[in-house]
Amino acid sequence: MDHSDNRRDFLKTLGAGAVASTLAFKVPYVFAKSTPTIRVMGTHVTLQEELRQKAMLELGINIEFTPMGSAAVLQKAAADPSSFDLYEQWSDSINILWQAGAIQPIETERLRYWHEINPLSKTGKIAPDAKLGAGDSPNKLLYVQADGTLSTTPTNAISFMPYVHNVDSFGYNTQFIEKGTPYETESWSWLLDEKNKGKVALVNAPTIGIFDAALAAQAQGLMTFKDMGNMSISEIDQLFAILQHKKREGHFAGFWTSVPQSVDFMKMKRVTIQSMFSPGVSACKGQGIPVVYASPKEGYRAWHGVMCLSANTQGYVKDAAYEYMNWWLSGYPGAFIARQGYYISNPERSKPLMSKPEWQYWYEGQEASIDLRGTDGKISVQAGQVRDGGSYIKRFSNIAVWNTVMPNYDYSLDKWYELLNS
């Protein structure tokens, strides 16, 4: 039986067989001969040791984390679903994993806090007047339809559990670059500005770095895109011709593959401006490097975390995987990752586990009333600071593009590696 047959059978059971499956999942895995082990594959962004230890303690299961770079983890998961039970990354990996048959649908009735998940994940908008942004907003990839396709039409089967998310931009060191005004003067164009030549880095993730580069090229007036979330071959060619020219001129100081590496780039003064993720900015601030996370006037590049169930995971290991998914939305993990600048899809459950100053700073965009510590225990926010970009609602109302695997992804991938190797 091929994977599509499996999927069709699964979709049938969601109807007539729903009662049976509901009874089945309530059988606790404690009856299993041994403690289940779930293998979680993902990136350093969420696969953090403190979370692993806490989850094992609270759930009574063994958890193995395998963190890798974003391109490597996607490649491995798509090629070998037997290598993991749960996959944690970003929504731009969904099309690839789904088409490869590497993941199975998740039943929303088995997700304890599904009803608490906010509209961002389910509709693509945090507020009715928010910009939807180009590309694949998470709702476009969320719901599994009866024919096995993914779309915005709600069903009780989903391709991923929505959890961590954030908006990304670039970080810049104010020792070298004058501080801009959020949403007014800060601009993606700075990444390709001649003034920053030789001190610029991009993230080495083909589905992410391409959008940082595209936003910069368009903001610089070097080219325009009809639909940035779905670039044509000629647009991709034009963009990479611009980047190749810049690279030959020595514009780029590097391409980083992990958050720690991006921190090192700043620490060593190899760069003064680069693509950055929020934990990298927090880590820099914790080490006394004055990095501002820009709020570009063009809008952010947004991403949505996905937790996916391997097509191969069955039985009591699958039950344990659902327990882990539920644990992620139970409060503690959401509060933990807020301290590195990330949001959770049901934030109200984490609110009681955060101090009032933390909630006001991270979610409401208010001034920090006291020094705040990051996930590493170091002070990452000084009293009196206001979060770059403001509140959760403000930041997610200003999305330019979502991380997306475009129809011309394979072509853009070849171009990306040409750029790296040139």
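Residues numbered from 1 in each chain as written. Predicted model: local features only at pLDDT ≥ 70, side-chain atom pairs only at ≥ 80, totals over all residues. Heavy atoms only, no water.

(A) Local environment of empty space enclosed by the protein. This structure, assessed with the given rule, holds three cavities of 30 Å³ or more. In this structure, the largest cavity encloses a volume near 130 Å³. Lining the largest cavity are 13 residues, and of these V281, S282, K285, Y361 and W362 lie nearest its centre. Put simply, the parts of the chain that give the lining of the largest cavity at least two residues each are α11 (278-286), α15 (356-362) and β16 (379-381). Here the element with the most residues in the lining of the largest cavity is α11; it accounts for four residues. (1 Å grid on protein atoms, 1.4 Å probe; cavity = no way out; pocket = protein on both sides within 12 Å on 5 of 7 lines; lining within 4 Å. Points joined across faces, edges and corners; volume = space filled by probe spheres on them. Helix = DSSP H or I, 4+ residues; strand = E, 2+ residues; numbered from the N terminus.)

(B) Representation of the side chain of N398 within the structure. Note on placement: N398 falls in the loop between α16 (392-396) and β17 (399-402). Polar side-chain contacts of N398 include one of 2.8 Å to the backbone oxygen of K394. (Polar contact = N/O pair within 3.5 Å; in protein donor to acceptor, adjacent residues only side chain to side chain.)

(C) Expanded view of the packing of aromatic side chains. Summed over the entire model, instances satisfying the criterion amount to 26 aromatic pairs. For the pair W90 and F277, a centre-to-centre distance of 5.9 Å together with 70 degrees between the ring planes defines the contact as edge-to-face. Of this pair, W90 sits in strand β3 (residues 86-90) while F277 sits in the loop between β12 (273-276) and α11, and the two are 187 residues apart along the sequence. No difference in accessibility class separates W90 from F277, as the two residues are buried. Look at F240 and W416: their rings are 6.4 Å apart centre to centre, the planes differ by 90 degrees, and that puts the pair in the edge-to-face class. In this pair, F240 is assigned in helix α9 (residues 233-248) and W416 in helix α17 (residues 409-421), connecting sequence segments 176 residues apart. We classify W416 as buried; its relative accessible area is 0%. Among the aromatic residues, those joined into a cluster by ring pairs are Y163, Y324, W327, W328, Y332 and F336. (Phe/Tyr/Trp six-rings, centres within 6.5 Å; stacked < 30°, edge-to-face > 60°. Buried < 20%, exposed > 50% of the residue type's maximum accessible area, 1.4 Å probe, protein only.)

(D) Inspection of the packing of helix α8 (residues 206-219) against α17 at higher detail. The N-to-C vectors of α8 and α17 enclose an angle of 80 degrees; their axes lie 10 Å apart at closest approach. With respect to α17, the axis of α8 lies roughly perpendicular. Seen from α8, the contacting residues are P206, T207, G209 and I210; seen from α17, they are Y409, S412, L413, W416 and Y417. Of the residues in the contact of α8 with α17, the class split is six nonpolar, three polar and no charged. (Axes fitted to C-alpha atoms, helices over the stretch in contact; angles between N-to-C directions. Parallel < 35°, antiparallel > 145°, perpendicular 65-115°, else oblique. Contact = heavy atoms within 4.5 Å. Nonpolar A, V, L, I, M, F, W, Y, C, P; charged D, E, K, R; others polar.)

(E) Structural detail: the nonpolar core. Counting 105 residues, the largest nonpolar core has I38, Y324, W328 and F396 as its most contacted members. With eight residues, the single largest contributor to this core is helix α12 (residues 315-328). Look past the residues within four positions of I38 in its chain and what remains in contact with it is I61, N62, I63, E64, D85, L86, V317, A320, A321 and Y324. Ranked by size, the runner-up nonpolar core spans 36 residues in total, among them A134, L202, A216 and M228. (Core = buried A, V, L, I, M, F, W, Y, C linked by side-chain atoms within 4.5 Å.)

(F) Structural detail: the pattern of salt bridges. Scanning the entire structure with this criterion turns up 13 salt bridges. Put simply, E323 and R112 hold a salt bridge, and the shortest N to O gap is 3.3 Å. With a gap of 211 residues between them, E323 in helix α12 and R112 in the loop between β5 (106-107) and α6 (119-123) connect regions that are remote in the sequence. E323 gets classed as partly exposed once you look at its relative accessible area, which sits at 25%. Overlapping salt bridges bring together D168, D212 and R301 as one network. (Salt bridge = Lys/Arg side-chain N within 4 Å of Asp/Glu carboxyl O.)

(G) Molecular detail of helix α10 (residues 259-267). Those residues of α10 that sit buried are V259, S262, V263, F265 and M266. End-on, the buried residues of α10 take up no more than an arc of 155 degrees, which puts them together on one face. Just downstream of α10, K269 is the residue with a positive phi angle, here 60 degrees. (Arc of directions from axis to C-beta.)

(H) The confidence of the model for the protein chain, seen in detail. Taken residue by residue, the protein chain gives an average pLDDT of 91. The fraction at 70 or more is 92%. Of the regions scoring below 50 in pLDDT, residues 6-29 engages in 34 contacts with residues more than four places distant in sequence or in other chains. (pLDDT = per-residue confidence, 0-100.)

(I) Main features of the environment of A130. The residue A130 is located in the loop between α6 and α7 (139-142) in this model. A residue is classified by how much of its surface remains accessible, and A130, at 4% relative accessible area, is buried. Considering only alpha carbons, one finds A130 and F396, 266 residues apart in sequence, at a separation of 7.2 Å. Those residues in contact with A130 that sit more than four places away from it in its chain are K125, F396 and S397.

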